[in-house]
Number of protein chains: 4
Amino acid sequence: MSEYIGHLINGEIHNDDANVQTVFNPATGKPCAQVGMASPETVAQAISAAKAAYPSWRNTPPAARAQVMYRYKALLEQNQDTICELISREHGKVLSDAKGELARGIENVEFACGIPELLKGEHSRNVGRNIDAWSEFQPLGVVAGITPFNFPAMVPLWMWPSAIMCGNTFILKPSERDPASVLYIAQLAEEAGLPAGVLNVVNGGVDVVNQLINDDSVEAISFVGSTPVAEAIYQKASEKGKRCQALGGAKNHAVVMPDADLDNVTNALMGAAFGSCGQRCMAISVAVAVGDQVADALVSKLKPRIEALKVGPGSNNDNDMGPLITLDQKQKITHFVDEAVAQGADIITDGRTKVVPGYEDGFFFGGTLFDNVTPDMTIYQQEVFGPVLVVVRVNTLEQAVELINKHEYGNGTCIFTRDGEAGRYFSDQVMVGMVGINVPLPVPVSYHSFGGWKRSLFGDLHAYGPDSVRFYTRRKAITQRWPSGDVKDGTLFSFPSL
Amino acid sequence: MSEYIGHLINGEIHNDDANVQTVFNPATGKPCAQVGMASPETVAQAISAAKAAYPSWRNTPPAARAQVMYRYKALLEQNQDTICELISREHGKVLSDAKGELARGIENVEFACGIPELLKGEHSRNVGRNIDAWSEFQPLGVVAGITPFNFPAMVPLWMWPSAIMCGNTFILKPSERDPASVLYIAQLAEEAGLPAGVLNVVNGGVDVVNQLINDDSVEAISFVGSTPVAEAIYQKASEKGKRCQALGGAKNHAVVMPDADLDNVTNALMGAAFGSCGQRCMAISVAVAVGDQVADALVSKLKPRIEALKVGPGSNNDNDMGPLITLDQKQKITHFVDEAVAQGADIITDGRTKVVPGYEDGFFFGGTLFDNVTPDMTIYQQEVFGPVLVVVRVNTLEQAVELINKHEYGNGTCIFTRDGEAGRYFSDQVMVGMVGINVPLPVPVSYHSFGGWKRSLFGDLHAYGPDSVRFYTRRKAITQRWPSGDVKDGTLFSFPSL
Amino acid sequence: MSEYIGHLINGEIHNDDANVQTVFNPATGKPCAQVGMASPETVAQAISAAKAAYPSWRNTPPAARAQVMYRYKALLEQNQDTICELISREHGKVLSDAKGELARGIENVEFACGIPELLKGEHSRNVGRNIDAWSEFQPLGVVAGITPFNFPAMVPLWMWPSAIMCGNTFILKPSERDPASVLYIAQLAEEAGLPAGVLNVVNGGVDVVNQLINDDSVEAISFVGSTPVAEAIYQKASEKGKRCQALGGAKNHAVVMPDADLDNVTNALMGAAFGSCGQRCMAISVAVAVGDQVADALVSKLKPRIEALKVGPGSNNDNDMGPLITLDQKQKITHFVDEAVAQGADIITDGRTKVVPGYEDGFFFGGTLFDNVTPDMTIYQQEVFGPVLVVVRVNTLEQAVELINKHEYGNGTCIFTRDGEAGRYFSDQVMVGMVGINVPLPVPVSYHSFGGWKRSLFGDLHAYGPDSVRFYTRRKAITQRWPSGDVKDGTLFSFPSL
Amino acid sequence: MSEYIGHLINGEIHNDDANVQTVFNPATGKPCAQVGMASPETVAQAISAAKAAYPSWRNTPPAARAQVMYRYKALLEQNQDTICELISREHGKVLSDAKGELARGIENVEFACGIPELLKGEHSRNVGRNIDAWSEFQPLGVVAGITPFNFPAMVPLWMWPSAIMCGNTFILKPSERDPASVLYIAQLAEEAGLPAGVLNVVNGGVDVVNQLINDDSVEAISFVGSTPVAEAIYQKASEKGKRCQALGGAKNHAVVMPDADLDNVTNALMGAAFGSCGQRCMAISVAVAVGDQVADALVSKLKPRIEALKVGPGSNNDNDMGPLITLDQKQKITHFVDEAVAQGADIITDGRTKVVPGYEDGFFFGGTLFDNVTPDMTIYQQEVFGPVLVVVRVNTLEQAVELINKHEYGNGTCIFTRDGEAGRYFSDQVMVGMVGINVPLPVPVSYHSFGGWKRSLFGDLHAYGPDSVRFYTRRKAITQRWPSGDVKDGTLFSFPSL
């Protein structure tokens, strides 16, 4: 063994190897790297570097800051193969899926290029006679992001391009499960011309998170992960008086209406439920069939497609689905499935015993489908975060909306229909932050913002897009009146002769 | 005794008189009313009423909701004398000052009239081929406001016009020190056509606050008050996973530059420091003189003006300054002044012994000025919230900005200068949310937003204005693609013959 | 005879009666008033008044200007019966329809109340180091509006509330056919507190129009009327180097898809085609049936409804339809119908011989329906502006869109369907400025803007709503850098000792 | 001889050499290329190419279109030396000045990268019950730009990046004096991936302009040049019913206040008056000295600096100033100077006889300064467009503003002062579109918009920045209601059993 993954502090790789943790290739189940777990001193160095870099970066005109982003976009595109291999190796997702992830990440870099437009404040002449007022959106200072394993490159790119373009300096604590790709792209930012200390990466676990939250120099926390952790982080950051946006878990329902084209729906659900092995906070995990006819037909179309899923290592683009991230996760999901069977759900396809030849130690799990799942079952209530799709049957669209609105999560949802009224009723009434009408994964484009409702997001402002600019800045309201010194009628003009 | 002040729940006055508290006229020191302290059942009724009123109000088109605001503005204007008498009677401020308060409150009603414009989301055609995306800003549900004694009518009007126009229903917990005026204006809203239950008022103390925070039906909390309470409320609300904006205390500095016209400055400071007896979160409590010449001249101009202040009951518009809100507050401020003297500050005018003939039991306190105050003194560090102005001396503008930036509060500040560069440097560098350039009380107009920095505000979004619309709504991102059923080329068209 | 209608100049009614023209009550065919036709001197007085009022009005803070609008809204509502009687008397439309007109007009007053928000410019800190830039939207000066007979109160309210709130002063030249209501509402604006000279009304014909265009003091022209006049005015105003927006005629198509509910469609078309006797620039005058089955069914449903239309004086709210505006117009429409019959269109209901008992001299015309109209027929190509609906048959939605896109006009259009894809395809591809999806008269609400495409509008910016604010203002771009005089480090500070 | 410069049509260089015109190197006075003057057939081909490319380009998602701009920015940067040599060779400006020009041009490409954000329309839920409305900003189709010699690369980049990103296709008619650089950068756009036909360049003179204006397929015209031509083009385009923005000439005044630092002012004026040989529409050509003391001191500081100006070929970066564009222009400016002397202006430095050794045939003209110029002199009234600065003396700022406001042009202006009140009064009251406060050339950054007032711009909307997006798009207002088919309560759901 093997590769060592360090931290990026003040523009240099910092090898803090007193404490390391193994990173696994989930397709082989074998270690592929060691990641340094930052000591308190290391974290403090990162914070110091970010603080030191702040004043100069804050005063750099936004249009000048943006030049870094333009070059960065080009570098990310030029190095996409390397980045995607790192993503796939540590996360397990299929290479083509990693490319999709990176592409969505780059869109956020594009959004951040537009920072001179996005930072515009509002100017009012004559709020009173000869009094003007305007707003400025000034940076916060040092801000931190904590990101999950499931999109190791994209979620960091949701955060820091916007944060840094707003004039802040940034510390990222990525997932220790798959830290290589994000360290690589952070270094590319330096190569693009980002001054040292503006972007720092520290690897580690909960101790690092707590230190970032507790340090008074860190002004704001952005988090993406599971709901229990999101909630805890929101509480802790708020206790420290900090602004925080904490994105949590999901249970995304797709409503299938009787007028939907079921072949299209089946295609859409296959990708939305099983892509990236279901490890997406926008994955569809519940199909809500409106009417038994729809349900029966849908299940019969899904079954052979799930059975035919090609499961194997992500390095092979022919595969549809790679492994889960860890053995723990595989066991947890196995338990969810066992419990669902015990609670009376009809198991249609069973992924528990999936073995991939040549990759017997990989953390694979086959595509799993349940029918006749009911709201009282654990598998309905909890976020599984694996390749498990459940079908719930209702009789009307209103019942479907009620069902969704009662769930504790409200991240994403989707309706399949051709009917304008159904789409409008659904999008209006459903208590979910991101709604697709015939779009199974309604992840907003980078110039809109990403965020769930209910227990899927804690905070006021959503991630990336316009909301992120507001999150990463403080509003300053300036009111100005110049006292009359009669300057304009010339009586002042004797003074230069003094 | 005397008048009883109840709650407004579901459009009716609710007399929950099991537990009452006395409201005093601070000019006489005598009780003037009894306010009901809501029982848990009463608060629960208010929450129920707000919940019941929500679905219909949410679905009322914004332009229809706005009709209530237009009528409400007219009613507030027509009843301004009554409202101002209630304010002055319970708060003590001079009637003309109460009128100013109400006028600023009405501006927020005007802003809220524009809700159809303010609620516009962003629409993007072709985020992908034939895929559209847009954002909607939907209401939260039931939201609550907790407001302070010092602007009994204005601060509630910062909150609920915007909250309600966004489609929410509202519960207000005003200060129990001066609850009459706000109950009156809430009833005017009903008269203006607001449906019952959309706006509710419950009187009470900390128990009511806690119940509002802890009830799962209350989606968001807006608070204005002192920093310790603001912080506690922010923490508690966040612990419950709620969005919260909590505005706290202040220590507002006015920087006086050598090129400023000191007569103008003196005029400005007299109003900004002693208006409303200093009980404003935007009051100037520190004058930062740049250079000893400025300081000496300023103090010599302020002294006779402070000595000439007319102190007396607010019901007499000839007075400059009314009483403090409570006897406790008077004692607290006396203690601050005692301590400052003990710590070595030079007392120039001393308001501790002020007695108003005929109002010997009133809570009056005379205008007080200190010179040579230093940052280590308690009177500099803490918010006094009384008619006490201190002069701190520095040598340069940079020192002035450093001084301000080191203070824990960052609500408002002001610079007096004629120099463009000084104004720009100050407004750029000062870590304060609301900045005046020759404007001593830079309270933003209603179509900008109000908020401090540092420990003067907890949360991301400021009060009233554009930020309040974002605070009182949830962003919903909708992505839409209509499946091709070949509808446009006519093959669909056989189906009606079925 | 009878009432005399003068001009409003500098806050006073100006009776310039050297030259008058008769105003008719179209229901009786009898004169009901005399309108003064302004002499060149009178027009010059109006321009002078507007010029004189400008500097002070321009410098009045927008929030103060808005106070007039709030009062104005209330006055319009209080006097709606009077206004609607004047509209109906001179225009002929049914009272309930006049109320609808006024209501839409008042919405524009509401929009204009929000002017402090709407006038906000964009502020950028640090476009270069220590350089700031912002935009202001300043008024133009004196601007003029020329409005048509068909909405005598509403169209003026599209223009001047926005123009005046932007800080301009205004001269209105309304239609000489029905000038009473607009003069009345202009006087109400004075009653609401508008300073004299800010809003002026001059009655007259083409000479007045030309004088307004040719006078160098008039900075911009807004026009609504027929396309030939709109085009001529746009050319003349542009020749004078002025900005101009000139809204012209229309031929609005409604596409009826096979999946539409034909009862709903029939209801919608009855109002959209025959309301206000078809004298609306947003009236539907062409029904495009997709498929013969749709066409046959639609015609058979429309026929009895048209035959049952209650035609009579607008003063009776039981009537569905009043008279045309003039005898000339009646003869012109009769000719259109004659020609269509001659060109081979199938006449289904014939309104040519409609006589209303008791109102034999009124300018009534019955509801008229043609089937099998083709694009080469005059009745298809030209704007009829009367109660005539024609059915054109096509086979597919694509053909319907092509048909519409080939017409010279592009004001409004509508599709009736339940299908999301059809609605999206139509709204995306159709070359028309205002599109309804199941909304037969898609007049945008006041906070969106009104305008057609192709030969229905000349100019860049649409009427009312956000575009009107841009039209009635000039952008000023300010770039500011304060020279360093070392003011911030104190070296300046020796100068007060001079 | 020599190089031939053709047209770019449908992605290919089109050598239409029936008619050519000589391009001169103004430093040597010798021909350096031949430019093809497009025949009517050639222009028609360009229009056809643009029409053919439109439908596909219009339907390409804005975010996909933007990818071309990102690559284009990189290509322009990589090829800046080549571009600047072409600019300098044909225009004569010093290379470093050409680099400045290109840099400002590239900023417009950056702005255009943000098109997904800039094209957002406004969405309103519930404008009525269950009725939604939104706006879309759709492209116009084929649009044309006509650009001047003085910024051969920058002004085209003001236009087409924005026009094309909005979804239009474009035809550029650049100046025939210096056509090489713009043809080169247009080809780079193709290299960046722009589809053939989206951007076309046709060289020629007034005939080409007229053909573009008269062709019905060209939807809009953007022009930058002299005021007489701008006015004529605005009139002609408007006569054809087209939208047009036509930017014309200037006479930009710099007001020098008594409190200004005259060394700074002198530095600023040297660049602003003599840079690019005064051939900039934002050049300062009038210095307005407030008070004789200021005037005397300013003239005495300027005189030696002007005498020391290094005049010579632009290819040498040591030079301050290159030649004028043509011999004609040199003779015209000589005549202006002769006339000013004759009319009584005091000539301080005289550039008429400037000869550059080794470049005796070059079109050089020395820096020229007049004092005591008065508003009645020709040299004050007309745009000279050469290295001639005149000093006008006034007594007060108010007089300075009146002077500027009386001039027929209103493009740019500037004030030099330290005083906040003076800056605010000036920027508020001056009737000029672009105002600098201590910024001598207040060309707005690309994310604000460029435009003068009065006879410096014909049209409503300014060039580049936000206004350009509005100019290059049509607003479409969509109002949508889905008819209730009871889809949401399930009664629809029997139909799949058919």
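Residues numbered from 1 in each chain as written. Chains lettered and ligands numbered in written order. Predicted model: local features only at pLDDT ≥ 70, side-chain atom pairs only at ≥ 80, totals over all residues. Heavy atoms only, no water.

Visitor: I tried to follow the environment of Val-20 of chain B on my own but got confused; where do I start?
Guide: Residues and elements named next belong to chain B. Residue position: Val-20 is located in strand β4 (residues 20–25). For Val-20, a relative accessible area of 35% puts it in the partly exposed group. For Val-20 and Ala-477, which are 457 residues apart along the polypeptide, the C-alpha to C-alpha distance reads 47 Å. (Helix = DSSP H or I, 4+ residues; strand = E, 2+ residues; numbered from the N terminus. Buried < 20%, exposed > 50% of the residue type's maximum accessible area, 1.4 Å probe, protein only.)

Visitor: Explain the interface of chain B and chain A to me, please; I cannot follow it from the model alone.
Guide: By convention, interface size is frequently given as the accessible area that disappears when the constituent parts associate. Between chain B and chain A, the contact holds 64 residues from the first and 64 residues from the second. Both faces combined, the contact of chain B with chain A buries some 5,500 Å², and carbon together with sulfur accounts for 49% of it. It is Arg-418, Asp-460 and Arg-475 of chain B that lose the most area in chain B upon contact with chain A, and together they represent 13% of the buried surface on that side. Across the contact surface, chain B and chain A share 6 salt bridges. Across the salt bridge formed by Arg-58 of chain A and Asp-428 of chain B, the nearest N and O atoms sit 3.3 Å from each other. Applying the counting criterion to the chain B and chain A interface returns 37 residue pairs in polar contact (both at pLDDT 80 or more). (Contact = heavy atoms within 4.5 Å. Buried area = accessible area lost by both parts, 1.4 Å probe. Salt bridge = Lys/Arg side-chain N within 4 Å of Asp/Glu carboxyl O. Polar contact = N/O pair within 3.5 Å; in protein donor to acceptor, adjacent residues only side chain to side chain.)

Visitor: Any chance you could explain the relation of the copies chain D and chain B here in plain terms?
Guide: One copy of the chain maps onto the other through a rotation about an axis followed by a shift along the same axis. Rotating chain D by 180 degrees and moving it 0.0 Å along the rotation axis overlays it on chain B with an RMSD of 0.0 Å. The relationship between the two copies is best expressed as a two-fold rotation axis. With an isologous cut-off of 70% or more, the 100% of interface residues of chain D that recur at the interface of chain B puts this contact in the isologous class. (Least-squares fit on C-alpha atoms with pLDDT ≥ 70 in both.)

Visitor: Looking at this structure, I do not really get the domain arrangement of chain A. What am I missing?
Guide: Residue and element names in this part refer to chain A. Assigned domains within chain A: domain 1 (3–248 + 456–478) and domain 2 (252–437). If you average the C-alpha positions of domain 1 and of domain 2, the two centres end up 31 Å apart. On the domain 2 side, the residues contacting the 22 residues of domain 1 number 26 residues. Counting each side, the surface lost to burial between domain 1 and domain 2 is near 1,900 Å², with a carbon and sulfur contribution of 59%. When the area that domain 1 buries against domain 2 is broken down by residue, the three leading residues are Ala-27, Val-94 and Ser-456, summing to 26%. At the surface where domain 1 touches domain 2, the tally comes to 2 salt bridges. For the pair domain 1 and domain 2, the number of links is 9 residue pairs in polar contact (both at pLDDT 80 or more). Broken down by secondary-structure element, the contributors of at least two residues to the side of domain 1 that touches domain 2 are α3 (80–91) and α4 (95–113). When the residues that make up the side of domain 1 that touches domain 2 are grouped by side-chain class, the tally is 7 nonpolar, 9 polar and 6 charged. (Domains from an automatic or database assignment. Nonpolar A, V, L, I, M, F, W, Y, C, P; charged D, E, K, R; others polar.)

Visitor: What is the right way to read the UniProt feature "domain: Aldehyde dehydrogenase" (unreviewed entry) in chain A from this model?
Guide: Within the UniProt annotation, "domain: Aldehyde dehydrogenase" (unreviewed entry) is assigned to residues 19–478 of chain A. Each end of residues 19–478 of chain A is marked by a C-alpha atom, and these two atoms are 49 Å apart; helix forms 42% of the span and strand 22%. (UniProt positions renumbered as here; feature names shortened; annotations may be inferred.)

Visitor: How should I be thinking about the interface of chain D and chain B in this particular structure?
Guide: Opposite the 27 residues of chain D that make contact, chain B presents 27 residues. Both sides together, the interface formed by chain D and chain B hides about 2,200 Å², and carbon and sulfur atoms give 40% of it. On the chain D side of the contact with chain B, His-123, Arg-125 and Arg-418 of chain D bury the most area, a combined 28% of that side's loss. The tally of links from chain D across to chain B stands at 8 salt bridges. A salt bridge links Glu-421 of chain D to Arg-418 of chain B, with the shortest nitrogen-to-oxygen separation between them at 3.6 Å. Our count for the chain D to chain B interface comes out at 16 residue pairs in polar contact (both at pLDDT 80 or more). The set of elements that each furnish at least two residues to the side of chain D that touches chain B consists of α1 (40–59), α5 (115–118), β6 (121–128), β7 (131–139) and α15 (420–429) of chain D. Broken down by element, the side of chain D that touches chain B gets its largest block of residues, 8 residues, from β6 of chain D. Looking at the side of chain D that touches chain B residue by residue, the class counts come to 7 nonpolar, 10 polar and 10 charged.

Visitor: Sorry if this is basic, but what is going on with the relation of the copies chain B and chain A here?
Guide: Its rotation angle being 180 degrees, the transformation that places chain B on chain A also includes 0.0 Å of axial translation and leaves an RMSD of 0.0 Å. Of all interface residues in chain B, 100% are interface residues in chain A too; the two copies therefore contact each other through one and the same surface.

Visitor: In this structure, what is going on with the pattern of salt bridges? I would like to understand it.
Guide: Side-chain pairs of opposite charge can arise where the charged atoms are in close proximity. Residues and elements named next belong to chain A. Within the structure shown, the criterion is met by 128 salt bridges over all chains. A salt bridge links Lys-240 to Asp-216, with the shortest nitrogen-to-oxygen separation between them at 3.4 Å. In this pair, Lys-240 sits in the loop between α9 (227–239) and β12 (243–247) while Asp-216 sits in the loop between α8 (206–214) and β11 (218–224), placing the two residues 24 residues apart along the sequence. Judged by relative accessible area, which is 36%, Lys-240 ranks as partly exposed. Residue classification places Asp-216 among the exposed positions, given a relative accessible area of 62%.

Visitor: Looking at this structure, how should I read the pairing of strand β13 (residues 252–256) of chain B?
Guide: Each regular strand carries side chains that alternate between the two faces of the sheet. Residue and element names in this part refer to chain B. Counting buried positions along β13 gives 5 out of 5 residues, so the element sits mostly inside the fold. Covered by surrounding structure in β13 are Asn-252, Ala-254 and Val-256 together with His-253 and Val-255, the residues of both alternating faces. Relative to strand β14 (residues 284–290), β13 runs parallel, the two being bridged by 5 bridges. By the bridge assignment, Ala-254 is partnered in β14 with Ala-287. Regarding the hand of the β-α-β motif, the stretch spanning β13, helix α10 (residues 262–274) and β14 is right-handed. Of the strand pairs in this sheet, β13 and strand β19 (residues 412–416) are connected by 4 bridges, and their pairing is parallel. Pairing of His-253 across the sheet is with Thr-413, part of β19. (Pairing = 2+ DSSP bridges. Right-handed = clockwise from strand over helix to strand, strands pointing away.)

Visitor: Explanation requested: unusual backbone geometry in the structure shown.
Guide: As a rule of thumb, non-glycine residues mostly have phi less than zero, and peptide bonds are mostly trans rather than cis. Although it is not a glycine, Asn-438 of chain A adopts a positive phi angle of roughly 65 degrees. Mapped onto the elements of the fold, Asn-438 of chain A is located in the loop between β20 (434–437) and β21 (453–454). Taking relative accessible area as the criterion, Asn-438 of chain A reaches 9% and is therefore assigned buried. The residue Asn-10 of chain B is not glycine, and still its phi comes out positive at about 55 degrees. Residue position: Asn-10 of chain B is located in the loop between β2 (7–9) and β3 (12–14).

Visitor: Could you clarify how one ought to interpret the sheet that holds strand β5 (residues 30–36) of chain B in this entry?
Guide: Whenever strands of a sheet pair, they do so through backbone hydrogen bonds, lying parallel or antiparallel. Residues and elements named next belong to chain B. Here 3 strands make up an open sheet; going across it, the order is β1-β5-β4 and the pairing mixed. Lying at the two open borders of the sheet, with one neighbouring strand each, are β1 (3–5) and β4. Geometrically, the sheet is characterised by an average inter-axis angle of 35 degrees between neighbouring strands, direction not taken into account. In this sheet, β5 lies alongside β1 in parallel orientation, the contact comprising 3 bridges. Following the sheet pairing, Ile-5 is matched in β5 by Val-35. (Axes fitted to C-alpha atoms, helices over the stretch in contact; angles between N-to-C directions.)

Visitor: Would you explain the packing of α8 of chain A against α9 of chain A in this entry?
Guide: The relative placement of two packed helices comes down to the angle between their axes together with the axis-to-axis distance. Residue and element names in this part refer to chain A. As a packed pair, α8 and α9 sit with axes 9 Å apart at the nearest point and diverge in direction by 30 degrees. When the interaxial angle is binned, α8 and α9 end up roughly parallel. Listed contacts from α9 to Val-209, Asn-210 and Ile-213 of α8 are Ile-233, Lys-236 and Ala-237. Grouping the constituent residues of the contact of α8 with α9 by class yields 4 nonpolar, 1 polar and 1 charged. (Parallel < 35°, antiparallel > 145°, perpendicular 65-115°, else oblique.)

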